[in-house]
Amino acid sequence: MSVKALYPGTFDPPTNGHLDLIQRGSKLFEHLTVGILKNPVKNPLFTVEERVEMLRESTKALGNVSVATFDGLMVEFARHLGATAVLRGIRAISDYEHEFQMALMNRRLAPEIETVFLQPAGRYSFVSSRMVKEVFSFGGDVTGLVPPNVVKRLRGRINGN
Ligand SMILES: Nc1ncnc2c1ncn2[C@@H]1O[C@H](COP(=O)(O)OP(=O)(O)O)[C@@H](O)[C@H]1O
Ligand SMILES: [Mg+2]
């Protein structure tokens, strides 16, 4: 059976943990859409358009992965795509409670859609967009934690461009 999946998130910015999950998902599913939530309350560092570009650049070698944006209910966007699976990542137990709550709420909203959790490679299990931004803003090296194009954009952004 061929399953289409949606990998929703904020991706501000995309990290190698996100990309690790995207690679795993691209092997598992017929098609994987990376969906960037247009969520103004999170006060993002990068615009949605910049995040789309960063994700497209970093996933261009993966033929069955596309990048899109959405707002409103995630399950409605999944339905619109014809996706019957939602991909989410669990890095540590601390992710679990929140992810579990969301998965059950989404199941209530859309019983035909299953949430699938994948674990990143161990070396990315401590990587989060928030930590990357924090470390970078204080001058720390984030090479290897985010793709090279993201390092470049972070440099541009923090230097005030
Ligand atoms: N380093 C990582 N390894 C694996 N999964 C991750 C990593 N960082 C984030 N994720 C997962 O990717 C998804 C999107 O995360 P994120 O961009 O922070 O958006 P959200 O605002 O939905 O949490 C979440 O399921 C999150 O747990
Ligand atoms: Mg998050």
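Everything below is about the structure shown above.
These notes cover the structure that comes with them. Please read these numbers as outputs of a predicted model, since none were measured by experiment. (Residues numbered from 1 in each chain as written. Chains lettered and ligands numbered in written order. Predicted model: local features only at pLDDT ≥ 70, side-chain atom pairs only at ≥ 80, totals over all residues. Heavy atoms only, no water.)

1. Quick word on unusual backbone geometry
Phase 1 of the analysis: Put simply, aspartate 12 and proline 13 share a cis peptide bond, and its omega is 0 degrees.
Phase 2 of the analysis: Residue position: proline 13 is located in the loop between strand E1 (4-9) and helix H1 (16-28). (Helix = DSSP H or I, 4+ residues; strand = E, 2+ residues; numbered from the N terminus.)

2. Some remarks on the site of ligand 1
Phase 1 of the analysis: Taken together, 16 residues lie near ligand 1, and Tyr7, Thr10, Lys42, Gly89 and Val127 sit nearest.
Phase 2 of the analysis: Tyrosine 7 is positioned such that a nitrogen or oxygen atom in its side chain is 2.7 Å from an oxygen atom of ligand 1.
Phase 3 of the analysis: In the model, an oxygen atom of ligand 1 is placed 3.3 Å from a nitrogen or oxygen of the glutamate 99 side chain.
Phase 4 of the analysis: Burial of ligand 1 by the protein chains amounts to 88% of its free accessible area of 550 Å².
Phase 5 of the analysis: The set of elements that each furnish at least two residues to the shell around ligand 1 consists of E1, H1 and strand E4 (85-89).
Phase 6 of the analysis: Residue composition of the shell around ligand 1, by class: seven nonpolar, five polar and four charged. (Near = heavy atom within 4 Å. Polar contact = N/O pair within 3.5 Å; in protein donor to acceptor, adjacent residues only side chain to side chain. Areas by Shrake-Rupley, 256 points an atom, 1.4 Å probe, with all protein chains shown as cover. Nonpolar A, V, L, I, M, F, W, Y, C, P; charged D, E, K, R; others polar.)

3. Thoughts on the sheet that holds E1
Phase 1 of the analysis: Strand order in the open sheet formed by five strands is E3-E2-E1-E4-E5, and the pairing between neighbours is parallel. Edge strands, defined here as strands with exactly one partner in the open sheet, are strand E3 (65-70) and strand E5 (114-118). Across the sheet, the mean angle separating the axes of adjacent strands is 30 degrees when strand polarity is ignored.
Phase 2 of the analysis: By the bridge criterion, six bridges tie strand E2 (residues 31-37) to E3 in an arrangement that is parallel. Following the sheet pairing, leucine 37 is matched in E3 by phenylalanine 70.
Phase 3 of the analysis: Sheet contacts for helix H2 (residues 48-59): E2 and E3; angle to E3, the most-contacted strand, approximately 170 degrees. (Pairing = 2+ DSSP bridges. Axes fitted to C-alpha atoms, helices over the stretch in contact; angles between N-to-C directions. Contact = heavy atoms within 4.5 Å.)

4. Overview of helix H5 (residues 129-137)
Phase 1 of the analysis: When we look at burial in H5, the residues that qualify are Ser129, Val132 and Phe136. Around the axis of H5, the buried residues are gathered within 60 degrees of arc, so they sit on the same side.
Phase 2 of the analysis: Trailing H5 by a residue or two, glycine 139 shows a phi angle of about 90 degrees, which is positive. (Buried < 20%, exposed > 50% of the residue type's maximum accessible area, 1.4 Å probe, protein only. Arc of directions from axis to C-beta.)

5. Comments concerning the nonpolar core
Most often, soluble globular proteins have nonpolar side chains that are buried together.
Phase 1 of the analysis: Core analysis: the biggest nonpolar cluster contains 19 residues, and Tyr7, Ile22, Leu32, Val34, Ile36 and Leu55 have the highest contact counts within it.
Phase 2 of the analysis: Elements supplying a minimum of two residues to this core: E1, H1, E2, H2, E3 and E4.
Phase 3 of the analysis: If sequence neighbours within four positions are ignored, tyrosine 7 has contacts with His18, Leu21, Ile22, Leu32, Thr33, Val34, Gly35, Leu87 and Arg88.
Phase 4 of the analysis: In this structure, Val127, Val150, Val151 and Leu154 belong to the second largest nonpolar core, which totals 12 residues. (Core = buried A, V, L, I, M, F, W, Y, C linked by side-chain atoms within 4.5 Å.)

6. Things to note about helix H4 (residues 93-109)
Phase 1 of the analysis: Over its 17 residues, H4 runs 25 Å from end to end, which matches the ideal 24 Å to within 8%, given 1.5 Å per residue.
Phase 2 of the analysis: Maximal helix bending in H4 amounts to about 25 degrees, located at glutamate 99.
Phase 3 of the analysis: Taken together, the buried residues of H4 touch helix H3 (74-81), E4 and E5. (Expected span 1.5 Å × (residues − 1). Bend = angle between axes of the 7 residues up to and from the residue.)

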